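Structural characterization, general
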Amino acid sequence: MTYHTAPWIYPITSPPIKDGIIALNDSGKIEAVLDPASSTFLAPASAAPAELAEVPKKHNGILIPGFINTHCHLELSHLAGKSQTGKTLLPFLVDVVTMREMPQKEIDAAIEKWDAYMWEQGIQAVGDICNKLDTAAVKRKSPIRYYSFVEMFDFLQPDRAQGSFDGYKTVYDGQSGVMDGNSKSAVPHAPYTVSNPLYEMINGLNDGNETVSIHSEETPAEDELFRHGTGPFFDFFKGFGASIEGFEATGKGSIFHAMQRMDPEKRTLFVHNTLTTAEGIRAAKAWGNNGVFFATCPNANLYIENRLPRYDTFIAEEAKMTVGTDSLTSNWQLSVLEELRTISKYQSYVSFDTLLTWATINGAEALQFDQDLGSLEVGKKPGLLSLTELEGETPDSFRIGVRTQVQRIV
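It should be emphasised that the depicted structure is a prediction, and the values quoted were computed from it without experimental measurement. (Residues numbered from 1 in each chain as written. Predicted model: local features only at pLDDT ≥ 70, side-chain atom pairs only at ≥ 80, totals over all residues. Heavy atoms only, no water.)

So, the overall build of the protein
- Along the protein, the regular secondary structure elements total 14 helices and 18 strands.
- Considered along the principal axes of its C-alpha atoms, the protein spans approximately 75 × 40 × 40 Å.
- Burial status across the protein gives 58% buried among its 410 residues.
- Sequence-distant contacts in the protein: of pairs separated by 6 or more residues, those separated by 24 or more amount to 71%.
- Only carbon and sulfur atoms are counted for the fraction: they give 50% of the accessible area of the protein, which is about 16200 Å².
- Taking the 35 positively charged and 52 negatively charged side chains of the protein as two groups, their mean positions are separated by 3 Å. (Helix = DSSP H or I, 4+ residues; strand = E, 2+ residues; numbered from the N terminus. Buried < 20%, exposed > 50% of the residue type's maximum accessible area, 1.4 Å probe, protein only. Contact = heavy atoms within 4.5 Å. Areas by Shrake-Rupley, 256 points an atom, 1.4 Å probe, with all protein chains shown as cover. Lys, Arg positive; Asp, Glu negative; His and termini not counted. Charge placed at Lys NZ, Arg CZ, Asp CG, Glu CD.)

See below:
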């Protein structure tokens, strides 16, 4: 048993504890949480406070559980810095498709490097988008727990649906899953790249209690296509030998199109959401029968389109937000702390407690890993991090500032 203390402990699912103590067994599982102010354990323990086996190790700052990165493309790590910032989404997507082929040795080395980096940066679990099998071997041996979203698309071409599905089914079959302590599901890429037949095949492949994700409402071009049936997507598709001349606009945001085709019984993670409205949030919450979550990737949104979601809208609608890093094609690093720093800088009304909730327990619930991860509770193995050099002196004034750092303890 080891004991850890800090000026403040943030269990996440309960209020912060001043000078609290966490007891961990040798496997990293939480055995007890002690609140010295009341001289009682917040959960059962094998020893009373006066009988601690050793003096608790003191840490600076605050103690929190490991971060959950709900949206990443680890397999694109070799493309760091290849796509210029501010190009907007459609030119960015062209870059991803046309630049991703490299010698396999370079791809593999980048995947290993950035998997290790995420662990060092306190990331305990990752919701990872996969188009290939490049990441499978690393996931099987990584200390990070992965939920692999095997992403499928056919550029809205029904005649390509079966061929696309067959190709991605091979990736799905070979991707790391429950036998390795991980999870996987088949998912649609985005409303503007998946035909009705492919949606049906994806829904049919997911035959359990999966979480699924979809890129949603992240660019004005997407909004224009679904609301008005116009815009640059027509030329974008021509560049890939596809036509959407028969596309019928709905007059609403693309999230409504997606909900009509996805399975409301699946836990669903809508990703990016820079243009999502209160109407869309309310509709999604009413539609989903097993939980609806909204992942934000602020640095990627700034990298690609120089815009952020209106977080006040999501807060007002009591939406369950999570945090993702997206890929190194669209970000400078894969760090949840850096995502929180960006939100704190540009939309500073989002409270510190709210940010931690988004980055921990909400993400764990979205990936259905919350039985083990996301909060400092007895019986969980959520990892243990210290956040240091916060701005402010007490929980009601804490903020993530330019000097705030994260350190993994367990």
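Resuming the write-up.
Regarding the environment of Ile214
- Note that Ile214 resides in strand E13 (residues 211-216).
- Taking C-alpha positions, Ile214 is 8.0 Å from Thr268, a pair spaced 54 residues apart along the chain.
- Once you skip the residues sitting within four places of it in the chain, Ile214 turns out to touch Pro188, His189, Ala190, Pro191, Tyr199, Ala258, Met262, Leu269, Phe270 and Val271.

Considering the packing of helix H4 (residues 161-174) against helix H5 (residues 196-205)
- Packing of H4 against H5 leaves a shortest axis separation of 9 Å and a crossing angle of 30 degrees. When the axes of H4 and H5 are compared, the pair comes out roughly parallel. Crossing handedness for the pair H4 and H5: right-handed. On H5, the residues that touch Ala161, Gln162, Phe165, Lys169 and Tyr172 of H4 are Pro197, Leu198, Met201, Ile202 and Leu205.
- Considering only residue class, the contact of H4 with H5 consists of 8 nonpolar, 1 polar and 1 charged. (Axes fitted to C-alpha atoms, helices over the stretch in contact; angles between N-to-C directions. Parallel < 35°, antiparallel > 145°, perpendicular 65-115°, else oblique. Left-handed = near helix turned anticlockwise from the far one by under 90°. Nonpolar A, V, L, I, M, F, W, Y, C, P; charged D, E, K, R; others polar.)

What to know about the sheet that holds strand E14 (residues 267-272)
- With parallel pairing, 4 strands are arranged side by side in an open sheet as E13-E14-E15-E16. The open sheet has two free edges, formed respectively by E13 and strand E16 (320-323), since each of these has just one partner strand. Strand after strand, the sheet turns through a mean of 30 degrees between neighbouring axes, direction not considered.
- Contacting E14 and strand E15 (292-296), helix H9 (residues 278-287) runs over the sheet at an angle of about 135 degrees to E15. (Pairing = 2+ DSSP bridges.)

Concerning the pairing of strand E9 (residues 67-72)
- For E9, a buried count of 6 out of 6 residues is recorded, marking the element as mostly surrounded by other parts of the structure.
- Across 4 bridges, the pairing between E9 and strand E10 (residues 123-130) is parallel. Its bridge partner lying in E10, Asn69 is registered against Val126.

Quick word on the packing of aromatic side chains
- As enumerated under the stated definition, the model contains 21 aromatic pairs in all.
- Seen in terms of ring centroids, Tyr303 and Trp332 are 4.9 Å apart; in terms of plane orientation they differ by 55 degrees. Their pairing is tilted. Linking Tyr303 in helix H10 (residues 298-305) with Trp332 in the loop between E16 and helix H12 (336-346), this pair joins segments that are 29 residues apart in sequence.
- Given the relative accessible area of 4%, Tyr303 is considered buried. (Phe/Tyr/Trp six-rings, centres within 6.5 Å; stacked < 30°, edge-to-face > 60°.)

Notes on helix H2 (residues 104-120)
- The end-to-end C-alpha distance of H2, which contains 17 residues, comes to 25 Å, matching closely the 24 Å that a straight helix rising 1.5 Å per residue would cover.
- All buried positions along H2 are accounted for by Ile107, Ala110, Ile111, Trp114, Asp115 and Met118. Down the axis of H2, the sector holding all buried residues measures 130 degrees, keeping them to one side. Facing away from the buried side of H2 by over 90 degrees, the exposed positions are Lys105, Lys113 and Glu120.
- Trailing H2 by a residue or two, Gly122 shows a phi angle of about 85 degrees, which is positive. (Expected span 1.5 Å × (residues − 1). Arc of directions from axis to C-beta.)

Remarks on the side chain of Arg267
- One can find Arg267 in strand E14.
- Of the side chains with opposite charge, Asp370 lies nearest to the buried Arg267, which makes no salt bridge, at 4.6 Å.
- Within the local environment of Arg267, its side chain forms a polar contact with the backbone oxygen of Glu365, the two atoms lying 2.6 Å apart. (Salt bridge = Lys/Arg side-chain N within 4 Å of Asp/Glu carboxyl O. Polar contact = N/O pair within 3.5 Å; in protein donor to acceptor, adjacent residues only side chain to side chain.)

Quick look at the pattern of salt bridges
- Per the counting criterion, the structure on display carries 17 salt bridges.
- For Asp180, the salt bridge goes to Arg140, with nearest N and O atoms at 3.3 Å. Of this pair, Asp180 sits in the loop between H4 and strand E12 (183-188) while Arg140 is found in helix H3 (residues 136-141), placing the two residues 40 residues apart along the sequence.
- Owing to a relative accessible area of 32%, Asp180 belongs among the partly exposed residues under this scheme.
- For Arg140, a relative accessible area of 42% puts it in the partly exposed group.
- The salt bridge involving Asp173 is made with Lys169; its shortest N-O contact spans 3.0 Å.

Some remarks on the pairing of strand E5 (residues 30-35)
- Taking burial as the measure, the 6 residues of E5 include 5 buried ones, the bulk of the element.
- Across 4 bridges, strand E4 (residues 21-24) lies against E5 in antiparallel orientation. Within E5, the residue paired with Ile22 across the bridge is Val33.
- Joining the antiparallel neighbours E4 and E5 is a turn of 5 residues, in which Gly28 adopts a positive phi near 90 degrees.

A word on unusual backbone geometry
- Positive phi, close to 60 degrees, is recorded for Leu156, a residue that is not glycine.
- The residue Leu156 is located in the loop between strand E11 (145-152) and H4 in this model.

What about the sheet that holds strand E17 (residues 385-388)?
- One open sheet accounts for 5 strands, arranged E3-E2-E8-E17-E18; its pairing is mixed. Two strands lie at the open edges of the sheet, namely strand E3 (17-18) and strand E18 (405-408), each paired on one side alone.
- Bridge analysis of strand E2 (residues 8-9) against strand E8 (residues 62-64) gives 2 bridges, and the strand direction is parallel. Within the sheet, the bridge partner assigned to Ile9 lies in E8 and is Leu63.

Just geometry here; none of it tells us what the structure is for.
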